[in-house]
Amino acid sequence: MSQTQAIVDGLKRELKAQGKTYAHVAKALELSEASVKRLFSSANISLQRLDSLCELLGMTVAELANKAQAQQSISQLSQEQEQQLVDQPKLLLVAVCALNRWQFHEIVHTYQLSGAECVQLLAKLDRLRLIELLPNNRIKLLVDRGFRWLPEGPIQQYFRQQIQSDYFASSFDGAGELMLFQNAMLSPSANAIMQRKIESLAREFNQLAEEDKNLPLEERFGSSLMLAIRPWEVQSFQRLRRPGTDKQFPAA
């Protein structure tokens, strides 16, 4: 998102928060409401008009810019920020709860955290700009819909360890569980098609989570989906290979 668009979006949020309509803006700028709508749609606002709008809102241009910058959604954390979460298991727990739209009272009710401790952890997430901690301990996510942990970053490495030691310690025959393992000989083009389908399924998984985000907590449960494809051969098979035959893997 450009800085100009961020400021325009910030203007819209402030106008809405203060109950001011396009009619108020039109009067302040001496324009028609249709012109105001085009102005916001094109994100082409002169400094003079921006100054007038800030005067209408009772704030300076600098204050608006700072607030708009702070409220821009993020798609990833830095390596250092992720490491902070990994180094503090309770902080990581609260971060994951927040990303899954849990409310303050749901976190405290479910986990062994006091209210004061949970507030402190949420305040740390606020400083990391993962969330905004609002009055009455309300939680506002500051991540966009495409938010992901860093590839091979601290979080992914942490969860990979948990997957190996805990996730697969299941027969996958319980409610809400399913595991399929397929092995076949594929051409490079067919492998590429499967990768695109996996990416599409992951997007659908995230879309369903977005659609369910406002359901009560008791109507949702944590679901972890792992999708992967790679050229692979069981190590016991590899040890029986003849020299120079390193590329073709038999389908088990």
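Residues numbered from 1 in each chain as written. Predicted model: local features only at pLDDT ≥ 70, side-chain atom pairs only at ≥ 80, totals over all residues. Heavy atoms only, no water.

### Let's talk about the packing of aromatic side chains
Stage number 1. Evaluation of the coordinates by the stated rule reveals eight aromatic pairs.
Stage number 2. Ring centres of Tyr-158 and Phe-159 lie 5.3 Å apart, and the angle between their planes is 80°; on these two criteria the pair is classed as edge-to-face.
Stage number 3. Here Tyr-158 falls in the partly exposed class, since its relative accessible area comes to 27%.
Stage number 4. Look at Phe-159 and you get partly exposed, because its relative accessible area is 33%.
Stage number 5. Measuring from ring centre to ring centre gives 5.8 Å for Tyr-167 and Phe-172, while their planes differ by 65°; the resulting arrangement is edge-to-face. (Phe/Tyr/Trp six-rings, centres within 6.5 Å; stacked < 30°, edge-to-face > 60°. Buried < 20%, exposed > 50% of the residue type's maximum accessible area, 1.4 Å probe, protein only.)

### Section: a nonpolar patch on the surface
Stage number 1. Together, Phe-181, Trp-232, Val-234 and Phe-237 make up a nonpolar patch on the protein surface, roughly 390 Å² of accessible area in all.
Stage number 2. With respect to the element layout, Trp-232 can be found in the loop between α11 (188–212) and α12 (235–238).
Stage number 3. Classification of Trp-232 as partly exposed rests on a relative accessible area of 36%. (Patch = residues over 30% accessible without salt bridge, like charges linked within 9 Å, V, L, I, M, F, W, Y side chains within 5 Å. Areas by Shrake-Rupley, 256 points an atom, 1.4 Å probe, with all protein chains shown as cover. Salt bridge = Lys/Arg side-chain N within 4 Å of Asp/Glu carboxyl O. Helix = DSSP H or I, 4+ residues; strand = E, 2+ residues; numbered from the N terminus.)

### Quick look at the confidence of the model for the chain
Stage number 1. For the chain, per-residue confidence averages 87 on the pLDDT scale, and 94% of positions sit at 70 or higher.
Stage number 2. Ranking the elements of the chain by mean pLDDT puts helix α5 (residues 61–71) last, at 74, and helix α9 (residues 115–127) first, at 95. (pLDDT = per-residue confidence, 0-100.)

### Observations concerning the nonpolar core
Stage number 1. Formed by 26 residues in total, the largest nonpolar core has its most connected members in Leu-85, Ile-107, Leu-122, Leu-125 and Leu-130.
Stage number 2. Looking at this core, the elements with two or more residues in it are α7 (89–99), α8 (104–110) and α9.
Stage number 3. Considering every element that reaches this core, the biggest residue donor is α7, with seven residues.
Stage number 4. Formed by 17 residues, the second largest nonpolar core is a distinct cluster that contains Val-8, Ala-26, Ile-45 and Cys-54. (Core = buried A, V, L, I, M, F, W, Y, C linked by side-chain atoms within 4.5 Å.)

### Some details on the pairing of strand β2 (residues 138–141)
Stage number 1. Judged from the four bridges that link them, strand β1 (residues 131–134) and β2 form a sheet pairing that is antiparallel. Bridge assignment links Leu-134 to a residue of β2, and that residue is Arg-138.
Stage number 2. The turn linking β1 back onto β2 is made up of three residues, and Asn-136 within it adopts a positive phi angle of 65°. (Pairing = 2+ DSSP bridges.)

### Comments concerning unusual backbone geometry
Stage number 1. Even without glycine at this site, Arg-101 takes up a positive phi of about 65°.
Stage number 2. With respect to the secondary-structure elements, Arg-101 resides in the loop between α7 and α8.
Stage number 3. Residue class for Arg-101 comes out partly exposed when judged on its relative accessible area of 30%.
Stage number 4. The residue Phe-172 is not glycine, and still its phi comes out positive at about 55°.
Stage number 5. Positionally, Phe-172 belongs in the loop between α10 (154–167) and α11.

### Focus on the pattern of salt bridges
Stage number 1. By the definition in use, this model includes five salt bridges.
Stage number 2. Between Arg-129 and Asp-126 there is a salt bridge, and its shortest N-O distance comes to 3.5 Å.
Stage number 3. The class of Arg-129 is partly exposed, set by a relative accessible area of 27%.
Stage number 4. Residues Lys-213 and Glu-210 are paired through a salt bridge, measuring 2.8 Å at the closest nitrogen-oxygen approach.
Stage number 5. Overall, Lys-213 belongs to the partly exposed group, its relative accessible area being 27%.
Stage number 6. Taken together, the salt bridges that share partners define one network made up of Arg-101, Glu-210 and Lys-213.

### Re helix α2 (residues 22–29)
For an α-helix the count is 3.6 residues per turn, leaving residues at separations of three or four pointing the same way.
Stage number 1. Among all positions in α2, only Val-25, Ala-26 and Leu-29 are buried. For α2, the arc enclosing every buried residue in end-on projection is 100°, short of the 170-degree limit, so these residues lie on one face.
Stage number 2. Glu-30 sits one or two positions beyond α2 and adopts a positive phi of about 60°. (Arc of directions from axis to C-beta.)

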